[in-house]
Amino acid sequence: MPEGVSHPAAPLAGPAEAVAVEDPHPELYRLLAENISDIIIRADLEGALVYVSPTCRLWGYEPEELIGRPSTDFVHPDDRERLLANTAQVLQGRRPDDDVDRTIRYRRKDGRWVWLEGNPRALRDEAGRVSGLINVFRDVTARKRAEAAALAAEAERQANVQLFENAFHHAPIGMALVGLDGRLLKINAALRALTGYSEPKLLSLDFQAITYPEDLDADLDLLRRLTRGEIPSYQMDKRYVRADGAVVWARLSVSMVVDGDGRPKHYVGQVQDLTAAHNARRALTESERRFRRLADNAPDMVTESRLDGVLTYVSPASEAITGFTPDELLGRTAFAFMQPEDAERMRAMCQTVRASNGAVAPWPIQFRATHKDGRPLWLESKPAFAVDPETGRFTGLNDVIRDVTAQKTLETELRRAQAEAEAAAAAKGEFLANMSHEIRTPLTAILGFAGLLAERDEMDDIGRGHLRRVLSASRSLLSIVNDILDFSKLEAASLELSPRPTPLVEFAHEVLLMFAPDADAKGLTLDFIAESATPDHVALDPDRFRQVLFNLIGNAIKFTPNGTVRLRLDYDRKTGRLKVAVRDSGPGLSPADQAKLFQRFAQVDGSSTRQHGGTGLGLAICKGLVEAMGGEIGLESELGRGATFWFEIPTPIADAPMAAAQSEFSPSSLDGARVLVIDDNRANRELARAVLEHAGTEVTLASGGAEGADLAAVTPLDLILLDRRMPGLDGVQTLKLIRAAPGPNDGIPILAFSADTDLDTLLGEGGFDGVVSKPIDVSVLIETVAAWIQWGAPVARLERDDAAVV
């Protein structure tokens, strides 16, 4: 025995019965201890090792390394409490219970753990007291690993069983274990849902009882082949009869389970519900049949083609449309029947749609083709790409082709008719412009010279009365011309509005007061009501607003023999809309008469003996003006109860305009001013000279554009009045000639002296600085000329918005 290693005590006769006796065979014990594969240790009461057999070298230790150290130093932490408990029992003189686990993990010197199974026994001194213990350890690591592997295998088996149970019961498709006699042994919820039976009822049946009779023979034949081992499994689509009698389609998959000897044990069946898919296939088949019937009988030509354009189906309508039978078209490309440039458009469209992967939808294309008999055709294609539902890729092209030859012919005729209508409208516009010029030109002389005569004091009362009648008739004629021209503009949608801040209440009241003389002559009372919510200023076109009020108030006075005419303003600040109502106490209107209103050239007083004049355009123009302003107009009336004409227009609240600067000009400032009047009408020239010379102006006259341009090239002037319509050089050409030629007058104001009402053209394309309209208003003519003349400095060209427009 090596030095320092204690001799083991002799084995005890029984548990806790160690006796201190003289060892008769010490050498024999040492020989056994040093050569057996088990480790023998001896420990004192404190647990310190006092002997370790040399077998410890199998675990990397020398006995000397272990002597004096407690055995707990080498025990796995998880096993330490169990070791101490076992040791305590031994040191108390008791033998550990047989069911106590005495396998402990000890650490080898290289750090690995080994399982050792001990058999501790107590050692006693001569007095019979426990003095320590002796233990024999055997390496059971291999056994423990085998046990762990067996436990893991069992756990895996149990997990697999559980997994199978879960998969069986919770599978989304029907599952069943079927006995060799065909009876259902085990089923899941999906199979119960598919068949509609309760679990007890289904387990009392066999699979034949729920199989559709016509499918049973095929199922049994496959089952026999499976049982004989001819096939490993089988699958078939079959029908089942539900508990409620309904028939469902399903896909059955069957495999066989055998015992350890390879003999059939039972069958496993999987049942997948195919009813929806079967119905969808049946619906698809029926849809395809229906599509074929529709395509074969449709008047339009239906085609299918590959992505390269080769036709794979053509409906019979092709013969009626193109003269070619479907057989003559199949295998050819659709592009072959198109004109080359149309074929390119079709290809470009198809490429665009394919490149976008369907993000861009195909659009209809009209193309030219040739009938089999040589006639030209116009066809319209409405293509749609066929898409594979699984991959989303384009697989071909479906098309519906319609003969639009008649439509294209009609379109050509309509375009021709439209061109003719536009030409007629242009001719009408030109005619109205010429008519306006031709009528306004003599009216200019009539009104102008009559106005000058009216200022003479030496005229007697009879002459003055005749002159008033001349002026009244002339103004009536001018009103008729203005109505016709305004209506023409409304028809052509060329009327432009110029909204600006307008003092609403003051403006409307002034318009009403202008009819005071007419009302007084008939003994009528004029009332004016403005609601408190009416703002001070609103944005509207005052000229057109005045025109509507003039018509409505004038009509009310005209058709009211006695009583009252009332003008009422209501403003809704929430919506920014103004409602204007003109109420009279006249005879009212019947429903039949009301239907005639707001129609062009229609009058209630339309008989040959009618008492009131007019063109019948006034209310139609009012309707057009109100609608052009974004509003609506209407009438409320009953026979014997008067009438209320109303209109409602959007009028945003506006800030008051900046106060205009005091004019530097006055009629007296025309003294010495030099004005050239260019007009081909002698009466208009003489009238302008009479008016302007009366105000102190030096007036030069020219009877045409060429003469006027020559005078402007050599005569210093302050302003030129230039007629728009003249033979030879017209007003615009004359203006450009004067502006282009360097001279004393290439920068002075040139005003259009015209009966034209198209101010946009005169001030825009025409290039005029301003307009003096015909017929002439004497005061306006003088004020306008004065406003454009500035002494002592070059004349500044006013912007269009500031131009003096009469």
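Keep in mind the model is a prediction, meaning the values are calculated, not measured.

Points about the pairing of strand β25 (residues 674-678)
Burial analysis of β25 places four of its five residues in the buried class, which makes it a mostly covered element. Note: β25 against strand β26 (residues 698-702), five bridges, orientation parallel. Bridging across to β26, Val675 finds its partner in Val699. On the question of chirality, the crossover connecting β25 to the parallel β26 by way of helix α20 (residues 682-694) is right-handed. Sheet analysis places β25 next to strand β27 (residues 719-722), joined by four bridges and oriented parallel. By the bridge assignment, Val677 is partnered in β27 with Leu721.

Some remarks on the sheet that holds strand β22 (residues 577-584)
By definition, the strands of a sheet pair up through backbone hydrogen bonds, in either a parallel or an antiparallel sense. Judged by pairing direction, the sheet is mixed, and its five strands sit side by side in the order β19-β21-β22-β24-β23 without closing on themselves. Either end of the sheet is taken by a strand with one partner, and the two such strands are β19 (525-530) and β23 (632-637). Ignoring which end each strand starts from, the neighbouring axes of this sheet average 15° apart. In the sheet, β22 pairs with strand β24 (residues 643-650) via eight bridges, with the strands oriented antiparallel. Considered in β24, the bridge of Leu578 is made with Ile649. Docked against the sheet, helix α17 (residues 542-558) engages β19, β21 (564-572), β22 and β24, running at close to 20° with respect to β22.

Looking at the packing of aromatic side chains
Counted by the stated rule, this structure contains seven aromatic pairs. The interplanar angle of 55° and the centroid separation of 5.9 Å between the aromatic rings of Phe324 and Phe337 together place this pair among those described as tilted. With Phe324 in the loop between α10 (317-322) and α11 (326-329) and Phe337 in the loop between α11 and α12 (340-355), this pair connects stretches of sequence that are 13 residues apart. With relative accessibility at 17%, the residue Phe324 sits in the buried group. A network of ring pairs unites the aromatic residues Phe507, Phe545 and Phe647 as a single cluster. Lying across the ring of Trp378, Lys408 places its NZ or CZ 4.4 Å from the centre. Over the face of the ring belonging to Trp646 we find Lys579, whose NZ or CZ atom lies 5.0 Å from the ring centre.

Structural notes on the packing of helix α15 (residues 504-513) against α17
Across the interface, α15 lies against α17 with an axial gap of 10 Å and an inter-helix angle of 40°. As the angle between them shows, α15 and α17 are arranged oblique. Crossing handedness for the pair α15 and α17: right-handed. Together, Leu504, Phe507, Ala508, Val511 and Leu512 of α15 and Pro542, Phe545, Arg546, Leu549, Phe550 and Ile553 of α17 make up the contact between the two elements. Taken together, the residues of the contact of α15 with α17 sort by class into ten nonpolar, no polar and one charged.

Criteria and cut-off values
Residues numbered from 1 in each chain as written. Predicted model: local features only at pLDDT ≥ 70, side-chain atom pairs only at ≥ 80, totals over all residues. Heavy atoms only, no water. Buried < 20%, exposed > 50% of the residue type's maximum accessible area, 1.4 Å probe, protein only. Helix = DSSP H or I, 4+ residues; strand = E, 2+ residues; numbered from the N terminus. Pairing = 2+ DSSP bridges. Right-handed = clockwise from strand over helix to strand, strands pointing away. Axes fitted to C-alpha atoms, helices over the stretch in contact; angles between N-to-C directions. Contact = heavy atoms within 4.5 Å. Phe/Tyr/Trp six-rings, centres within 6.5 Å; stacked < 30°, edge-to-face > 60°. Lys NZ or Arg CZ within 6 Å of the ring centre and 35° of its normal. Parallel < 35°, antiparallel > 145°, perpendicular 65-115°, else oblique. Left-handed = near helix turned anticlockwise from the far one by under 90°. Nonpolar A, V, L, I, M, F, W, Y, C, P; charged D, E, K, R; others polar.

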